[in-house]
Amino acid sequence: MTQDHRQKTGEAEVILTQIDAVLKWSRSSSLWPMTFGLACCAIEMMGAYASDYDLDRLGVIPRAAPRQADLMIVSGTVTFKMADRIKELYEQMAPPRYVISMGSCANCGGPYWQHGYHVVKGVDRIIPVDVYVPGCPPRPEALIGAIVKLQEKIQQGERTFPRRLTEVNPPQEEENNS
């Protein structure tokens, strides 16, 4: 059967779908993370980008500018000094934007929050997080699993909406010396 014969009989190949399905597929298949390393988890994140794991095959292309990125991977210890900068970078990203929290320090402050005054007890106190990657530090396979989980959430249309964010730096009581 020739190509001409198929077109004449109405047997042409046509794909019907919804625009929402195409948008979800394209968003999940082309994540552009704005990655920045805050601590030792960044080494494992860099390992995931290396040729052994090759995140490019999943459509993950790292970007250096927040305006070109739609995914933020927070890898490492978030200090109060860095928290304002993370929030500012998140706000500069165009919606829809997604966040992966990588490692115990980014998830809940890790071993530092109990003994240090400078560590935020989880990046979710600053920005909404879509997927958490446990471990100290987590292996590159765990980050790849988190990206696959995020792609599934995007395909299903699930979103993490920001809850009321707590203040990063609570105001200090002013002493009245009158």
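Residues numbered from 1 in each chain as written. Predicted model: local features only at pLDDT ≥ 70, side-chain atom pairs only at ≥ 80, totals over all residues. Heavy atoms only, no water.

**Quick word on the overall build of the protein chain**
Working step 1: Counting its secondary structure elements, the protein chain contains 6 helices and 4 strands.
Working step 2: Per-residue burial for the protein chain yields a buried fraction of 36% across its 178 residues.
Working step 3: A total of about 11200 Å² of accessible surface is found on the protein chain, and carbon and sulfur atoms cover 52% of it. (Helix = DSSP H or I, 4+ residues; strand = E, 2+ residues; numbered from the N terminus. Buried < 20%, exposed > 50% of the residue type's maximum accessible area, 1.4 Å probe, protein only. Areas by Shrake-Rupley, 256 points an atom, 1.4 Å probe, with all protein chains shown as cover.)

**Digging into the packing of aromatic side chains**
Working step 1: Evaluated as defined, the whole model comprises 0 aromatic pairs.
Working step 2: Directly above the aromatic system of Tyr90 lies the positively charged group of Arg97, at a separation of 4.4 Å from the ring centroid. (Phe/Tyr/Trp six-rings, centres within 6.5 Å; stacked < 30°, edge-to-face > 60°. Lys NZ or Arg CZ within 6 Å of the ring centre and 35° of its normal.)

**What about the environment of Ala50?**
Working step 1: Note on placement: Ala50 falls in the loop between helix H3 (41–49) and strand E2 (71–75).
Working step 2: Classification of Ala50 by relative accessible area gives partly exposed; the value is 35%.
Working step 3: Distance in space between the C-alpha atoms of Ala50 and Pro140 is 9.7 Å, their sequence separation being 90 residues.

**Comments concerning the sheet that holds strand E4 (residues 131–133)**
Working step 1: Spatially, the 4 strands line up as an open sheet ordered E1-E2-E3-E4, and their pairing is parallel. The two strands at the open ends of the sheet, each matched to only one other strand, are strand E1 (33–37) and E4. For this sheet, the mean angle separating the axes of adjacent strands, direction not counted, is 15°. (Pairing = 2+ DSSP bridges. Axes fitted to C-alpha atoms, helices over the stretch in contact; angles between N-to-C directions.)

**Observations regarding the pattern of salt bridges**
Two side chains bearing opposite charge may form a pair once their charged atoms approach each other closely.
Working step 1: Under the criterion given, the structure shown has 2 salt bridges.
Working step 2: The closest approach of N and O atoms between Arg139 and Glu44, which form a salt bridge, is 3.8 Å. Here the residue Arg139 occupies a position in the loop between E4 and helix H6 (140–156), and Glu44 occupies one in helix H3, the gap between them amounting to 95 residues.
Working step 3: A network of salt bridges, in which partner residues are shared, links Glu44, Arg139 and Glu141. (Salt bridge = Lys/Arg side-chain N within 4 Å of Asp/Glu carboxyl O.)

**Description of the environment of Trp25**
Working step 1: Among the structural elements, Trp25 can be located in helix H2 (residues 19–29).
Working step 2: Note: C-alpha distance between Trp25 and Ile154 (129 residues apart in sequence) is 8.0 Å.

**Some thoughts on the pairing of E1**
Working step 1: By the bridge criterion, 5 bridges tie E1 to E2 in an arrangement that is parallel. Bridged to Thr35 within E2 is Ile73.
Working step 2: Following the chain from E1 across H3 to the adjacent parallel E2, one finds a crossover that is left-handed. (Right-handed = clockwise from strand over helix to strand, strands pointing away.)

**Considerations on the side chain of Gln151**
Working step 1: When you line up the elements, Gln151 lands in helix H6.
Working step 2: Aside from chain neighbours lying at most four places away, what touches Gln151 is Ser28, Leu31 and Leu58. (Contact = heavy atoms within 4.5 Å.)

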